[in-house]
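Residues per chain, in single letters:
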Amino acid sequence: MLDARVWLVWVLTTLVAASSARNPLYTVLLVLVTTVVGMVCASDDGPVGGPRAILSPLRFATIALPLSALFNALTVHVGDTVLFRLPGWLPLLSGPVTLEAFVFGAQNGLVLTVIFAGFAVFNQVTPLRDLVSLTPRAFHEAGVIISIALTFVPQTIRSLNRIRQAQAVRGYRMRGLRDWPPIVVPLLISGLERSMGLAEAMVARGYGAISDQVQSLRTSAGLVVGLLTLLGGWLTFLFRPAWREVGVGLMIGGGALIVAILWLAGRAVRHTVYRSRRWTVRDTLAIVGCGLTLAAVVLPSPLGRGTLYYSPYPRLTLPVFDPLVGLGLLGLLMPAVMITDKRGNK
Amino acid sequence: MIHLDHLTYTYPGSSEPALSNVTLDIAEGEFVLVVGPSGAGKSTLLRCINGLAPHFTGGTVRGRISVAGHDSVVEGPQSLSRIVGFVFQDPEAQFVLDRVEDEIAFALENGAVPPAEMRVRVEEVLHLLDLAPLRDRPLETLSGGEKQRVAIAAALAFRPRVLVLDEPTSQLDPQSAEDVLNALTRLNTDLGLTIVLAEHRLERVLPHADRLVYLSGEISGEDGGVLSGPPRQVLRQIDLTPPLVTLGKALGWEPLPLTVKEGRAFARRVEPGAAEQSLCRSRLGDGADPLLCVERLSFAYNGASTLSDVSLTVRAGELVALMGRNGSGKTTLLKCIVGLLRPCQGEVTLAGKPLIGQETARICRQVGYLPQEPDDLLFADTVAEELSVTLRYHGLEDQPPLPPTQLLERLGLEGVMAVYPRDLSVGQRQRVALGAVTVTHPRLLVLDEPTRGLDYHAKQALVRLLREWQAEGAGVLLVTHDVELAAQAADRVVILSQGEVIAKDAPEVLTVSPLFAPQVARLFPGQEWLVVEDALSALGKAIPDDENIEVRARLSRHQGIGCPGSAADSSSRRIIADRSTSAAQDPNPPGA
């Protein structure tokens, strides 16, 4: 099991890599890497296809790729290879539909798939308690609420399926908006009842007994002042070129004030942690892997950064693959290697 | 430990109090069982103990509640969580996190318990409830009984002195329920934990209880309708009794047996005598044409086999009980029958016509399927409207096969036709849902755990209703964990285990299986008596008043069907008393 912070770094690195590498060969590689990590790690670090797995990345790809390609082809009429033309009376859509626009749209779909797959892995391998622990102490209650919300999504989907089935056995058929109440009314009521039930259970377990001491007027006022200072500095930086240094100073001051207040507020939160996890060599190696990937997509040459960009316009050409960049992207595989190694040791 | 002094509690917006003038003392280390009909105020009483009522529910309180010297009304549930642990009916509804150990530690983390102490406490409860091997498991992978034990462990993390449980075994199969109750008994005897538990299925919990608190629901009396005392003393005065006690009362056994072991001492002295010779046996549906045929049905969820080669038959006028542990595939089978799931192989026919491949809505014109959660069906403004909606869906609004008002009368809902369904009691809501799926006058009823949360009287009412439908030729396939209900109502029993049929057309399994045997069968091994009336009839004894209606109804119907087979016919389930028994001699049986 890897530390939740490692998985946070991993998912952020995946996001950066997916956004930076606009070459479909690298994007396909990232899809493969996230899929392998998901398959290897989810079974060890979390529930595979568990309550938080709503949609598999593969299913997401089968929806996102064609939709994105179609949307781009119909709305962007650029490119030399014209497949067909849409008649002029269709607003926005009329014009030539090109192969290049199709490819560009599909490429966007691939990028979306990588982002989705990254979050899907993070969601599956990180236990809810670790997700809560990732939030700053000052936002502990917000973290708990988010973790509960995460469990509510799949529960609501299960309720929806159950209610749809229950109505189907009465002869219900969905024909239009008028037919929504038999589904929506029981769904809303069951959701509210579930929320009330959970709230009651949490109160019975003492939740919130000591949280009243956390928030104070001073904390709230300090946060407002910090945010206003930050905003003032940013506006000064943008609109008063002569006072740029002052703007930067205000931004740093505002940011520091916010951090300090959150730190102080966090200290006031009376909350302890059960079995804090120790940082291990595996965690470090997984971070190194992420660093390698970041280096490949962020640092300039000699790692062949030029091949990161690819545009099918104006005429479709084959993208170039740089083995060094490809190797760098494989750094994201490190969590899977660590888990496999751990299983081997066991 | 717990002292209720003239407690009166009224829910917000209600004119009648839910509890009135209740005075009760519970000593430290007692195992107290709270019983009573649905709506009598059992859950309210439990919520008053830790202050959830009125702090969470609102409402007004008069009188005083004190737990270990703390005033629940003044201090509230959050403060009392260190003294009172509370476990709800549905374990999943109270989980916040997703792993066993994390869930147990959640309350401790939020209570700022130092990590070292937290570690000790979590280890304690993991071992107390035999959860140590499951500590890293995701909660969703646990069985129902394991989940309930995790919920108990989470409630015990603060080392409370009192544990309050609201129907903790109502959703569990017999074995899982026994595991949970054994764990509670261990906590009670080893740690001296005071336990207050509300439950409808007395036969499960009574052997564990030191004391019985009966809430009658009548708030007019000086005692607030509360009867409290040693189980034997209270059971003599109430009619909500498990089969063993009902039999003991009818046969005059003293002291009244509470466990099967205690009852056996009396049972050994009972001689069946001549009455046994005059028994003839039959079962409903014998000789009738098969209505539902399931042939070699298999189903797999994501590649994992859930049902394998399942075959069963339900005849017209027959009630078949489908039993098995949680997760054995019972609900999946029902869903395959009504077309909600498509099996990977096998055949399902209704009166010879194949069902697989047909639309669910079309199948359910002839098959009334009541899912586990009746609330999923209810959305209309009135009870009557719920039935009209089903007719509208099937295009039968103008020519209903069964007049909705007639069905509502039959369901005992004629007085609440204009009421919003969700304002009704659990039993009434369940009957509204039953009405909503049977208003098309189906030939087959498929019911998934219809007695969850129902008291004995509501269960008897349901059994009576099903028998009326059977008498009219409807087949019934009933999924239940309630062995006493199966023993009482079923003509045949099918048992599923891990998706396979392990026993069918063999009703004697109920008399020999340690898991599914009802109390009477365990009391008289080898006699094939399943319910109280079987034993009393065979022994030539009078049947207690509350059972009379049932037995007479059965007898009158059986007289019409006849008694094929002999007394030695061990393959049949029904035992019909000789006409000489007092029950059969009633000149005017109401069910006739």
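Sequence order as written defines residue numbering, which begins from 1 separately in each chain. Chain labels run from A onward and ligand labels from 1 onward, assigned in the order the entries are written. Where local features are concerned, this predicted model is filtered to residues with pLDDT of at least 70; where side-chain atom pairs are given and counted, the filter is 80 or more; whole-chain, interface and lining totals use all residues. Hydrogens and waters are ignored; side-chain quantities use all the structure's heavy atoms.

K.L.:
Where do I start with the overall build of chain B in this structure?
P.N.:
Note on conventions: DSSP H or I runs of at least 4 residues are helices, E runs of at least 2 residues are strands, and numbering of each starts at the N terminus. A count of helices and strands for chain B gives 23 helices and 20 strands. For chain B, restricting intrachain contacts to residue pairs at least 6 apart in sequence, the fraction spanning at least 24 positions comes to 70%. With an accessible surface of roughly 21600 Å², chain B has 47% of that area assigned to carbon and sulfur atoms. Two residues qualify as a contact provided that any one of their heavy atoms is within 4.5 Å of a heavy atom in the partner residue. Reported accessibility uses the Shrake-Rupley method at a 1.4 Å probe radius. Residues are deemed covered only where the shown protein chains occlude them.

K.L.:
Just checking my understanding: could you explain the overall build of chain A for this structure?
P.N.:
Along chain A, the regular secondary structure elements total 12 helices and two strands. When the helices and strands of chain A are listed from N to C terminus, the series reads α-α-α-β-β-α-α-α-α-α-α-α-α-α. Within chain A, the proportion of its 346 residues that are buried is 42%. Across chain A, contacts joining residues at least 24 apart in sequence account for 73% of those joining residues at least 6 apart. Accessible area for chain A stands at about 18000 Å²; split by element, carbon and sulfur atoms hold 72% of it. Counted as positive: Lys and Arg. Counted as negative: Asp and Glu. His and the chain ends are not counted at all. One atom stands in for each charge, and that atom is NZ of Lys, CZ of Arg, CG of Asp or CD of Glu. Charged side chains of chain A number 30 positive and 15 negative; the gap between the two group centres comes to 4 Å. Only protein chains enter the calculation, and the probe is 1.4 Å; a residue is then buried if its accessible area is under 20% of its type maximum, exposed if over 50%, and partly exposed in between.

K.L.:
Please explain the sheet that holds strand 3 (residues 31-35) of chain B as it appears in this structure.
P.N.:
Strand pairs in the sheet, formed through backbone hydrogen bonds, run parallel or antiparallel to each other. Residues and elements named next belong to chain B. A pair of strands is treated as paired once DSSP finds two or more bridges between them. Pairing is mixed across the open sheet formed by six strands, whose spatial order is 6-7-8-3-9-10. Two strands lie at the open edges of the sheet, namely strand 6 (84-87) and strand 10 (226-229), each paired on one side alone. With strand direction ignored, the average angle separating the axes of adjacent strands in the sheet is 15°. The pairing of strand 7 (residues 162-166) with strand 8 (residues 194-198) spans five bridges and is parallel. Across the sheet, residue D166 finds its bridge partner in strand 8, namely A198. Here, axes are lines fitted to C-alpha atoms. For helices the fit covers the stretch in contact, and angles between N-to-C directions go from 0 to 180 degrees. Lying on the sheet, helix 6 (residues 144-156) is in contact with strand 6 and strand 7; it crosses strand 6 at an angle near 160°. Running at roughly 150° to strand 8, helix 7 (residues 174-191) makes contact with strand 3, strand 7 and strand 8 of the sheet.

K.L.:
Explanation requested: the pairing of strand 20 (residues 500-503) of chain B in the structure shown.
P.N.:
In the case of a regular strand, side chains alternate between the two sheet surfaces. Residue and element names in this part refer to chain B. As defined by bridge partners, strand 19 (residues 492-497) adjoins strand 20 across three bridges and the pair is classed as antiparallel. Residue pairing for strand 20: I495 is matched across the bridge by A503. Between the antiparallel neighbours strand 19 and strand 20 lie two residues, among them Q498 with a positive phi of about 45°.

K.L.:
Explain the interface of chain A and chain B to me, please; I cannot follow it from the model alone.
P.N.:
Of the residues lining the interface, 52 residues belong to chain A; the matching set on chain B comes to 65 residues. Two parts placed together each lose some accessible area under a 1.4 Å probe, and the buried area is that loss summed for both. Of the roughly 4900 Å² buried between chain A and chain B, counting both surfaces, carbon and sulfur atoms make up 57%. Counting the surface chain A buries against chain B, the share from its top three residues, R170, R205 and Y274 of chain A, is 21%. Salt bridge, as applied in this entry: a Lys or Arg side-chain nitrogen positioned within 4 Å of an Asp or Glu carboxyl oxygen. The tally of links between chain A and chain B comes to eight salt bridges.

K.L.:
What's the story with the confidence of the model for chain A in this structure? I'm lost.
P.N.:
Low pLDDT means the predicted coordinates in that region are not meant to be read closely. Confidence scores per residue from the predictor, reported as pLDDT, run from 0 to 100. Chain-level pLDDT for chain A is 85 on average; 92% of the residues reach the 70-or-more range. Under a pLDDT of 50 for its full length, residues 45-51 of chain A has, in the predicted model, 24 contacts with residues more than four places off or in other chains.

K.L.:
For this particular structure, what's the right way to read the packing of aromatic side chains?
P.N.:
Working definition: an aromatic ring pair is given by the centre-to-centre distance plus the angle between the planes. Pairing of aromatic rings covers Phe, Tyr and the six-membered ring of Trp, with a centre-to-centre limit of 6.5 Å; geometry is then stacked below 30 degrees between planes, edge-to-face above 60, and tilted otherwise. Counted by the stated rule, this structure contains 11 aromatic pairs over all chains. Here Y9 of chain B and Y11 of chain B contribute two aromatic rings whose centre-to-centre distance is 4.9 Å and whose plane-to-plane angle is 85°, an arrangement assigned as edge-to-face. Measuring from ring centre to ring centre gives 4.9 Å for F299 of chain B and Y301 of chain B, while their planes differ by 85°; the resulting arrangement is edge-to-face. Accessibility expressed as a relative area gives 7% for F299 of chain B, which makes it buried. Its guanidinium or amino end placed over the ring of W243 of chain A, R240 of chain A lies 5.5 Å from that ring's centre, counting from NZ or CZ. Against the face of F237 of chain A rests R244 of chain A, its NZ or CZ located 4.8 Å from the ring centre. In our convention, an over-ring charge means Lys NZ or Arg CZ found within 6 Å of a ring centre and within 35 degrees of that ring's normal.

K.L.:
Looking at this structure, I do not really get the domain arrangement of chain A. What am I missing?
P.N.:
Much of the literature gives interface size as the accessible area that the parts lose upon coming together. Bear in mind that the domain bounds are from an automatic or database domain assignment. Per the domain assignment, the segments making up chain A are domain 1 (1-211 + 279-346) and domain 2 (214-267). On a C-alpha basis, the centres of domain 1 of chain A and domain 2 of chain A stand 33 Å from each other.

K.L.:
Where do I start with the nonpolar core in this structure?
P.N.:
Side chains of nonpolar character tend, in soluble globular proteins, to be buried together. Ranked by internal contacts, the top residues of the largest apolar core, which has 80 residues, are L292, L312, L322, M323, L333, W469 and L477 of chain B. Ranked by size, the runner-up nonpolar core spans 55 residues in total, among them L108, L139, L202 and A209 of chain B. Side-chain atoms within 4.5 Å are what join buried Ala, Val, Leu, Ile, Met, Phe, Trp, Tyr and Cys residues into a set we call a nonpolar core.

K.L.:
In this structure, what is going on with the state of the cysteines? I would like to understand it.
P.N.:
Every disulfide links exactly two cysteines, by a covalent bond between their sulfur atoms. By convention in this document, the label disulfide applies to cysteine sulfur atom pairs within 2.5 Å. For the structure on display, the rule yields zero disulfides over all chains. The thiol sulfur of C290 of chain A is not disulfide-bonded, and the nearest other cysteine sulfur, from C41 of chain A, lies at 11 Å. Counting only cysteine sulfurs, C336 of chain B is the nearest neighbor of C293 of chain B, a cysteine outside any disulfide, at a range of 16 Å.

K.L.:
For this particular structure, what's the right way to read a nonpolar patch on the surface?
P.N.:
All names here are of chain A. A contiguous nonpolar patch, built from V224, L228, L231, W234, L235, L238 and F239 and spanning about 710 Å² of accessible area, is present on the exposed surface. Of note, L238 is situated in helix 8 (residues 217-239). Take L238: its relative accessible area is 42%, and that puts it in the partly exposed class. The patch calculation keeps residues exceeding 30% relative accessible area without a salt bridge and links them within 9 Å when they carry like charges or within 5 Å when they are nonpolar (Val, Leu, Ile, Met, Phe, Trp, Tyr).

K.L.:
Explain helix 17 (residues 426-438) of chain B to me, please; I cannot follow it from the model alone.
P.N.:
For an α-helix, 3.6 residues make a turn, and residues three or four places apart therefore share a direction. All names here are of chain B. Over its 13 residues, helix 17 extends 18 Å from the first C-alpha to the last, a length consistent with the 18 Å expected when each residue adds 1.5 Å. A large share of helix 17 lies buried, amounting to 10 of its 13 residues. Looking only at helix 17, the buried set comprises G427, R429, Q430, V432, A433, L434, G435, A436, V437 and T438. Contacts from the buried residues of helix 17 go to strand 16 (367-370), helix 15 (383-393), helix 16 (404-410), strand 17 (444-448) and helix 18 (456-471). A helix is expected to reach a length of 1.5 Å times the quantity of its residues less one.

K.L.:
How should I be thinking about the pattern of salt bridges in this particular structure?
P.N.:
Pairs may arise between side chains of opposite charge once their charged atoms sit close together. For the structure on display, the rule yields 34 salt bridges over all chains. For the salt bridge of R47 of chain B with D166 of chain B, the shortest nitrogen-to-oxygen distance reads 3.1 Å. Note that R47 of chain B is positioned in helix 1 (residues 42-49) and D166 of chain B in strand 7, a separation of 119 residues in sequence. You can call R47 of chain B buried: its relative accessible area is 12%. The class for D166 of chain B is buried, based on a relative accessible area of 6%. Of the charged contacts in the structure, one is a salt bridge between R135 of chain B and E123 of chain B, with a shortest N-O distance of 2.2 Å. Of this pair, R135 of chain B sits in the loop between helix 5 (115-128) and helix 6 while E123 of chain B sits in helix 5, and the two are 12 residues apart along the sequence. Neither R135 of chain B nor E123 of chain B differs from the other in exposure class; each is buried. One network of salt bridges, in which partners are shared, links R275 of chain A together with E101, R119, E123 and R135 of chain B.

K.L.:
For this particular structure, what's the right way to read the side chain of E100 of chain A?
P.N.:
Residues and elements named next belong to chain A. Looking at the secondary structure, you find E100 in helix 4 (residues 99-125). An unpaired buried charge is present at E100: no salt bridge exists, and R315, the closest side chain of opposite charge, is 5.4 Å distant. Excluding residues that lie within four positions of it along the chain, E100 makes contacts with V78, G79, D80, T81, P312, Y313, P314, R315 and L316.

K.L.:
Would you take a moment to explain helix 3 (residues 57-75) of chain A for this structure?
P.N.:
Residues and elements named next belong to chain A. Taking 1.5 Å per residue as the helical rise, helix 3 with its 19 residues ought to reach 27 Å, and the 26 Å between its terminal C-alpha atoms agrees with that figure. Those residues of helix 3 that fall on the buried side of the exposure criterion are F60, A61, A64, S68, A69, N72 and A73. Of the surrounding elements, those touching the buried residues of helix 3 are strand 2 (95-98) and helix 4.

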